[in-house]
Amino acid sequence: MTGSPHRSPVSLSVNGRPYELDLDNRTTLLDALREHLALTGAKKGCDHGQCGSCTVLLDGRRVKSCLIFAVAAAGGSLVSIEGLADGTDLHPLQSCFVQHDAFQCGYCTPGQLCSAAGMLDEVRQGWPSLATEDLVAGPDGLTDSEIRERMSGNLCRCAAYPNIVSAIREASATGSRR
């Protein structure tokens, strides 16, 4: 029932498509994606923001969608794993993940890919991390330890980390952008 003190209209652009939703104010962005828009790529792993399986891009920044209420994201532009590719053309990161076998069971892969896309944009914008050794090197100076630090909020229970790091390193070197 629209207008209820516990519900709000929420406008979102998801993967370039506008949506108008009427949601309970307590609905997380993750639940809005999965239960109201049938976009099930982002996973509910821990529901506490610790595993990163729910990572999506909100206004170009990576966020853990299980921690954000959908009403707080109203008016935002969201990209989930379903919107990372360009039709049938994989995003360069997706191609690198396939080439480097950077997934095992695949459960964390959507969150890893969205986080990596956001992370590479942060590097391009010159945002340092705790592991940044050379502040002027830019994306070309992205080391394995820095990739690991920047991706530390995304867990892989299958321990595909070496392959994830090598996939991100290659995508970074080839100028992965979209």
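Residues numbered from 1 in each chain as written. Predicted model: local features only at pLDDT ≥ 70, side-chain atom pairs only at ≥ 80, totals over all residues. Heavy atoms only, no water.

As recorded by an unreviewed UniProt entry, the chain carries the name 2Fe-2S iron-sulfur cluster binding domain-containing protein and is attributed to Plantactinospora alkalitolerans.

Peer 1: Help me out: how do you make sense of the overall build of the chain in this one?
Peer 2: Secondary structure summary: the chain contains five helices and five strands in total. The order of α-helices and β-strands along the chain, N terminus first, is β-β-α-β-β-β-α-α-α-α. In terms of C-alpha radius of gyration, the chain reaches 17 Å, essentially the compact-globule figure of 16 Å for 178 residues. Projecting the C-alpha coordinates of the chain onto the three principal axes gives extents of approximately 50 × 35 × 30 Å. Across the 178 residues in the chain, those meeting the buried criterion constitute 46%. Sequence separation of 24 or more characterises 56% of the internal contacts of the chain that already satisfy a separation of 6 or more. With the model as given, the accessible surface of the chain reaches about 9,000 Å², and the carbon-plus-sulfur share is 52%. (Helix = DSSP H or I, 4+ residues; strand = E, 2+ residues; numbered from the N terminus. Rg over C-alpha atoms; globule rule 2.2 N^0.38 Å. Buried < 20%, exposed > 50% of the residue type's maximum accessible area, 1.4 Å probe, protein only. Contact = heavy atoms within 4.5 Å. Areas by Shrake-Rupley, 256 points an atom, 1.4 Å probe, with all protein chains shown as cover.)

Peer 1: Please clarify how the state of the cysteines should be interpreted in this entry.
Peer 2: Formally, a disulfide is one covalent bond, and it connects the sulfur atom of one cysteine to the sulfur atom of another. Inspection of the entire model under this criterion finds zero disulfides. Cys 96 forms no disulfide, and the closest cysteine sulfur to it belongs to Cys 114, at a distance of 15 Å. Here Cys 108 stays unpaired: no disulfide links it, and the sulfur of Cys 156, its closest cysteine neighbor, is 3.9 Å away. By relative accessible area, Cys 108 is classed as buried at 10%. (Disulfide = S-S within 2.5 Å.)

Peer 1: Mind showing me how you'd approach the nonpolar core here?
Peer 2: In globular proteins that are soluble, nonpolar side chains generally tend to be buried together. Counting 25 residues, the largest nonpolar core has Leu 93, Phe 97, Met 119, Leu 120, Ile 147, Ile 164 and Ile 168 as the members making the most contacts within it. Among the elements of the structure, helix H2 (92-99), helix H3 (109-124) and helix H5 (161-173) are those that each provide at least two residues to this core. When residues in this core are grouped by element, the largest group, seven residues, is from H3. Counting 22 residues, the second-largest nonpolar core is a separate cluster that includes Leu 21, Ala 42, Leu 58 and Leu 78. (Core = buried A, V, L, I, M, F, W, Y, C linked by side-chain atoms within 4.5 Å.)

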